[in-house]
Amino acid sequence: MKPFAYHQPHQIPDAARLLTSVADSKLVAGGMTLIPTLKQRLASPPALVDLSRLGSLKGITDDGTTITIGAMTPHAVVAASKVVLTRIPGLAALASMIGDPAVRSRGTIGGSVANNDPAADYPAGVLGLGATIVTNTREIAADKFFLGLFETALEPGEIITAIRFPVPLKAGYAKFKAPASRYALVGVFVAKFAGGVRVAVTGAGPGVFRVPPMEEALSENFDPSAIAAIRIDAEGLTSDIHAEADYRAHLVTVMAKRAVDAALG
Amino acid sequence: MGNVIGIGAAPKRKEDQRFLTGRGNYVSDIKRPGMTAGVFVRSPHGHAVLRGIDKTAALALPGVIAVLTGDDVKADGLGSLPCGWGISDAKGVPMKEPPFPMLAQGKVRFVGDMVAFVIAETPEQAEAAAELLAVDYEVLPSVVGVLEAVRPGAPQLFDDVPNNICCDWELGDKAAVETAFRKAAHVAKLSLVNNRLIGNPMEPRAAIAEYEPGTDRFTLWTTSQFPHVVRFLMGALVLNIPQHKLRVVAPDVGGGFGVKQFHYGEEAVITWAAKRVKRPVKWVASRSEGYVSDRHGRDHVTEAELALDETGKFLAFRVNTLANMGGYLSTFGPNIPTNLYAPLLGGVYTTPAIYCNVKVVFTNTVPVDAYRGAGRPEATFVLERMVDVAASEMGIDRVEIRRRNMIPKEAYPYQTPVLVQYDSGDPMGCLDGALVAADVKNFGIRKAASASKGKFRGLGYSTYVEACGLAPSRFAGRLGARGGLYESATVRVHPTGQVTVMIGTHNHGQGHETTFAQIVSEKLGVAFENVDIVFGDTDRVQFGMGTYGSRSLVVGGAALSKATDKVIVKGKKIAAHLLEAAEVDIQFEAGKFSVAGTDRVKTFEEIAGAAYVPHNYPLEVLEPGLEEQAYYDPVNFTYPGGCHIAEVEVDPETGTVTLVNYTAVDDVGTVINPMIVEGQLHGGIVQGVGQALFENAVYDEGSGQLLSGSLMDYCMPRADHMPMMKVATHSTLCTHTPMGVKGCGEVGTIGSPAAVINAVVDALSHLGVTHVDMPATPNRIWRLLQNASLPVAAE
Ligand SMILES: Cc1cc2nc3c(=O)[nH]c(=O)nc-3n(C[C@H](O)[C@H](O)[C@H](O)COP(=O)(O)OP(=O)(O)OC[C@H]3O[C@@H](n4cnc5c(N)ncnc54)[C@H](O)[C@@H]3O)c2cc1C
């Protein structure tokens, strides 16, 4: 690790100012992703701006139609939240499947979404539920937020403050864990709203994506059998030492069926 | 006064007090005054010419003390890292043994090969300087697989090692095997890969070296399983340091599994550097660094053929293996796929003729050496897969074909056609015990239950025998060992009767401090808590070969037992004097010396006191003091064996294999501490399951990059992969070790891979699947099912 300055602001505007005042400064949330990259000297920001003292970034609220989760809320809190467990149990289940207890206690929803790891779980939940990413300057729809491999719509200096989830009629997540990392080799989130079904896939490709044929079929008939015959094209999916692209494509269908099963309870 | 806790008891482990309370003393915990930090610069290329190294920018950074390279090693006239075994081909031509410089010279041969050592005031400064070191590489194509390495036109690692073949080795009667194959009613064939593994001990390797100019002495603290051997190899053969001027300390070590039983270049470089910079130097490997520098294990490609008569009796077994050595010969490297492999191909069977050819091959990968089991899991895997293939082809039940070929209990001692003579064993007893414990008779019900959920269930058997307790020196010498393989122990009885044992084995998780204390407690009648075991310091322990090859109890424990016997002999002499009786009339039992048939008694403490305060003592014929030493060199290996049964469930939708039941019945001879034995079996089985289902070191052909270079990509087995295991012992006593012990450190790793893979194949056999390579990952199983000859559906 190379030396860096360390700031712990108490107000969002201070955080934003500190972040932009020295080029290449980085926000640190749970540090579960950032700190290992610093230790391996893959990144060497001149300053870290710690978000942990920004009280307004923590907590979970329910306004009747949407659930808002503060960016600094750790995965374990989401997984155990009464609000999430009763209103969007599929999202609580997703949070409970991330990493291990230590990672879930430190890692945050904001950090995970900002990082947009192609095998991370939250992007599937956020895109699958059509959530809104709230930042210190604007609101961004999930469909416009995830731009591919570790790429997001966030501008330099922009801070995610919360994620706002519309409450679905039903939702479920199914994750096939990569054997070693236990990130998603393929993870599928399905959500049923009055207006139709959304299906979002993580792990399979260079970034989270939706599957319109499955969404149409499930909007017609929200049952695993409706999508059993839908095959995903392996073209463009990831091939690595753990899984070849055609196997990942196959798993998308299997996991989508299991996600529907989970949503049906 | 505490209690005697003897052989067969299961006290909590003495060492756990300090480990569980965070008071262990590992190398990285040690700080020396004036200590500097060292970082190794490693090759990012699998194969390259080293054209030059420019140190200027690195040396200019603040805090940087020195940058050492292969040229400095050469200028100081230092030796190359020695190989402890020299094998020869069928004509007696010795293996090719190219030098293994401690810092690369002229060429780098694997990703991770060391090119420089940077020393600075702090680790951060050393890392910054390491990044600035300008190394000029001319990158060459790499070759990482054994099949590719021996092909004409393959990249050549060494100018004088044609086709990268280090040695074309063989064992067995080739002609007898050919004759038997001609007469066979059936010949079964099998091609397989034994996947490459990375040991991953919990504690990464680390070292600190210090030089004291006043005494001209060096001290090296290192994460080693055998400090005396490091002292010998490094002092005598690499750095030219006289043995009495070199102290090697291996304090608490956080797991080894073989990874730490080699003399590594890092140890030599850091010791040499400490004198050059006149300050202590410390190096602690990162996990990532361990992946590209800890010696790897296994990595075979094998073709095997079994000849059988019409009743399924094995007539002959022929095995041709290509074994990967990596870029250089490590300490035991060439011994593992040869001497520790081919002699075990007889297994527990009466196969009369066996021939094995092993081509030992260099590739652009981390050097390969011993990893828990070392050679014996590879042999067991080939044999036990082969037996299943033959049974299935001949339509004979898998248990039945094993029974028909097993060595009966009465036939021991049993001479195999491949050098080794098993002293004792009861494979049929282990098999019968395992069949019951695994509830094999109700397997059909469980299989049907799985099928009703759309899952395929399979059952797999593996029997095994292994050669433990490395090793009889004379035998090893004939096979090419360049050192002895005995063990030593000193039993020091203090004037107050407590005991300190100095032993040459090394405890890094095995529970020696407990097991050895039980032996002393039992034999001397001393309270368990009054016995301490000292190991891992060449200044405190007389000598030793260390811990590996399931040898600590078998060889070290035997030395300890003998030294303890000597204490009793001397104690009887002292007692005879004090009790005014003849020595032959003195009995020793439960910590008391007595005159036979009388109530005249001296306690062990009284005798110890008399030995150190010899006022009333036979000084004319007996020296004062009560301290005895023994060296023990075994007459044979020990041969633990057993039967493992695995039960798996395969999800055909995803290809996931779940291990649902595991049963092991092992013959490990006398059990000193059943809890520790059970722990060793559990750990060994989990590592074998890791090989069968999860672990795989993968290199990129061409670039030589390690693709599985972190825990994110190298899958270790985890607690939730394992069912509750049923382990039991079915022991026959070793006929030649003092306590009848056989060793148990590696058995779990040896029996399990074949049991698991045989179960996976069984689960898929209705689809025409006849073999599955390790690891049986979901992707691999799914691919097999895609290509299977029958439609995929639960039966
Ligand atoms: C062993 C291990 C296993 C894991 N397994 C999984 C898994 O199974 N599934 C999974 O999804 N994830 C997994 N993770 C990742 C984990 O969920 C991380 O917590 C997450 O990716 C990052 O969250 P963090 O709070 O730790 O962010 P940090 O590491 O602190 O930050 C990550 C990045 O996001 C930026 N950032 C953080 N907060 C904000 C914000 N509010 N606004 C803008 N930018 C921000 C940071 O600047 C940084 O670039 C694992 C991690 C580890 C170490």
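Residues numbered from 1 in each chain as written. Chains lettered and ligands numbered in written order. Predicted model: local features only at pLDDT ≥ 70, side-chain atom pairs only at ≥ 80, totals over all residues. Heavy atoms only, no water.

Asks: Which residues make up the overall build of chain A, and what values do they have?
Replies: Counting its regular elements, chain A contains 11 helices and 12 strands. Against the globule reference of 18 Å for 265 residues, chain A gives a C-alpha radius of gyration of 18 Å, in line with a compact fold. Oriented by its inertia axes, the alpha-carbon framework of chain A measures out at about 55 × 45 × 30 Å. Taking all 265 residues of chain A together, 53% fall into the buried category. Entry remark: accessible area of chain A is about 11100 Å², with carbon and sulfur atoms responsible for 55%. Across chain A, the 25 positively charged side chains and the 23 negatively charged ones have centroids separated by 8 Å. (Helix = DSSP H or I, 4+ residues; strand = E, 2+ residues; numbered from the N terminus. Rg over C-alpha atoms; globule rule 2.2 N^0.38 Å. Buried < 20%, exposed > 50% of the residue type's maximum accessible area, 1.4 Å probe, protein only. Areas by Shrake-Rupley, 256 points an atom, 1.4 Å probe, with all protein chains shown as cover. Lys, Arg positive; Asp, Glu negative; His and termini not counted. Charge placed at Lys NZ, Arg CZ, Asp CG, Glu CD.)

Asks: Describe the overall build of chain B, with residues and values.
Replies: Scanning chain B for helices and strands turns up 20 helices and 28 strands. Expected size for 795 residues packed as a compact globule is a radius of gyration near 28 Å; at 28 Å, chain B falls within 12% of this value. The proportion of buried residues among the 795 residues of chain B is 62%. Accessible area of chain B: about 27500 Å², with a carbon and sulfur share of 54%.

Asks: Provide a residue-level description of the site of the ligand, including the pertinent values.
Replies: All names here are of chain A. Taken together, 28 residues are adjacent to the ligand, and Leu27, Ala29, Gly31, Thr108 and Asp121 come closest. One nitrogen or oxygen atom from the side chain of Asp121 is found 2.7 Å from a nitrogen atom belonging to the ligand. For the ligand, the protein covers 90% of the area, taking 970 Å² as the surface of the free molecule. Listing elements by their share of the shell around the ligand, those giving two or more residues are strand 2 (26-28) and helix 7 (109-115). (Near = heavy atom within 4 Å. Polar contact = N/O pair within 3.5 Å; in protein donor to acceptor, adjacent residues only side chain to side chain.)

Asks: Just give me the short version of helix 6 (residues 174-183) of chain B, but keep the residues and values in it.
Replies: Every α-helix winds through 3.6 residues per turn, so residues three or four apart in the chain are directed the same way. Residues and elements named next belong to chain B. Within helix 6, the full set of buried residues consists of Val177, Ala180 and Phe181. Buried residues in helix 6, looked at end-on, bunch into an arc of 100 degrees, giving them a common side. In helix 6, the exposed positions that point more than 90 degrees away from the buried face belong to Arg182 and Lys183. Where the residues of helix 6 are buried, they touch strand 8 (186-198), strand 13 (296-308), strand 14 (314-326) and strand 15 (353-362). (Arc of directions from axis to C-beta. Contact = heavy atoms within 4.5 Å.)

Asks: Outline helix 8 (residues 265-277) of chain B, listing residues and values.
Replies: All names here are of chain B. The end-to-end C-alpha distance of helix 8 is 18 Å, a good match for the 18 Å that 13 residues give at a rise of 1.5 Å each. Most of helix 8 is tucked away, with 11 of its 13 residues classed as buried. Within helix 8, the full set of buried residues consists of Gly265, Glu266, Glu267, Ala268, Val269, Ile270, Thr271, Trp272, Ala273, Ala274 and Val277. Phi for Lys278, located one or two positions after helix 8, is positive at around 55 degrees. (Expected span 1.5 Å × (residues − 1).)

Asks: Go over the interface of chain A and chain B, please, and point to the residues and values.
Replies: It is common to give the size of an interface as the accessible area lost on bringing the parts into contact. Between chain A and chain B, the residue contacts involve 22 residues of the former and 24 residues of the latter. Of all residues in chain A, Arg41, Arg182 and Ile241 of chain A give up the largest surface area on contact with chain B, accounting jointly for 29% of the area buried on that side. Where chain A meets chain B, there are 9 salt bridges. Put simply, Arg41 of chain A and Glu127 of chain B hold a salt bridge, and the shortest N to O gap is 3.4 Å. Between the two partners, chain A and chain B, sit 17 residue pairs in polar contact (both at pLDDT 80 or more). The dominant element in the side of chain A that touches chain B, judged by the number of residues it contributes, is helix 11 (residues 245-264) of chain A, at 8 residues. (Buried area = accessible area lost by both parts, 1.4 Å probe. Salt bridge = Lys/Arg side-chain N within 4 Å of Asp/Glu carboxyl O.)

Asks: Describe the pattern of salt bridges, and please don't skip the residues or the numbers.
Replies: Residue and element names in this part refer to chain B. Tallied over the full model, the rule gives 58 salt bridges over all chains. The closest approach of N and O atoms between Arg446 and Glu647, which form a salt bridge, is 2.7 Å. Note that Arg446 is positioned in helix 13 (residues 443-452) and Glu647 in strand 26 (residues 641-651), a separation of 201 residues in sequence. There is no split in this pair, since Arg446 and Glu647 are both buried. What you see here is one network of salt bridges that share partners, running through Asp439, Lys441, Arg446, Lys453, Arg457, Glu647 and Glu649.

Asks: Can you explain the domain arrangement of chain A? Please cite residues and give values.
Replies: Segmenting chain A into domains produces domain 1 (1-50) and domain 2 (170-264). Using C-alpha coordinates to define each centre, domain 1 of chain A is positioned 34 Å away from domain 2 of chain A. (Domains from an automatic or database assignment.)

Asks: An account of the packing of helix 7 (residues 227-238) of chain B against helix 8 of chain B is needed here, citing residue identities and associated values.
Replies: Residue and element names in this part refer to chain B. Contact geometry for helix 7 and helix 8: axes closest at 11 Å, N-to-C directions at 60 degrees. When the axis of helix 7 is compared with that of helix 8, the two are oblique. As helix 7 packs across helix 8, the resulting crossing turns out to be right-handed. Taking contact as the criterion, the partners of Val230, Met234 and Val238 in helix 7 are, on helix 8, Glu267, Ala268 and Thr271. (Axes fitted to C-alpha atoms, helices over the stretch in contact; angles between N-to-C directions. Parallel < 35°, antiparallel > 145°, perpendicular 65-115°, else oblique. Left-handed = near helix turned anticlockwise from the far one by under 90°.)

Asks: Explain unusual backbone geometry to me, using residue names and the numbers behind them.
Replies: For residues besides glycine, phi is generally negative; the peptide bonds are generally trans as well. Residue Pro413 of chain B is bonded to the preceding Tyr412 of chain B through a cis peptide linkage, with omega at 0 degrees. Among the structural elements, Pro413 of chain B can be located in the loop between helix 11 (398-405) and strand 16 (414-415). The residue after Leu470 of chain B, namely Ala471 of chain B, is reached through a cis peptide bond having omega -10 degrees. Following the sequence through the fold, Ala471 of chain B ends up in the loop between strand 18 (456-465) and helix 14 (473-479). Located in the positive-phi region is Arg182 of chain A, a residue other than glycine, with phi close to 65 degrees.

Asks: Before we move on, can you summarise the sheet that holds strand 12 (residues 209-210) of chain A with the specific residues and values?
Replies: Consider a sheet: its strands pair through backbone hydrogen bonds, and that pairing is either parallel or antiparallel. All names here are of chain A. Judged by pairing direction, the sheet is antiparallel, and its 4 strands sit side by side in the order 9-10-11-12 without closing on themselves. Each of the sheet's edge strands pairs with one partner strand only, and the pair in question is strand 9 (170-177) and strand 12. Here strand 11 (residues 196-202) pairs with strand 12 via 2 bridges, running antiparallel. Within strand 12, the position partnered with Ala200 by the bridge is Arg210. (Pairing = 2+ DSSP bridges.)

Asks: Quick one: what's the story with the sheet that holds strand 13 of chain B, residue by residue and with numbers?
Replies: Residue and element names in this part refer to chain B. Read from one edge to the other, the open sheet built from 5 strands follows the order 7-15-14-13-8, with strand pairing classed as mixed. In this open sheet, the two strands that pair with only one neighbour each are strand 7 (165-172) and strand 8. Averaged over all pairs of adjacent strands, the angle between strand axes in this sheet comes to 10 degrees, irrespective of strand direction. Contacting strand 7, strand 8, strand 13, strand 14 and strand 15, helix 6 crosses the sheet at an angle of about 130 degrees to strand 14.

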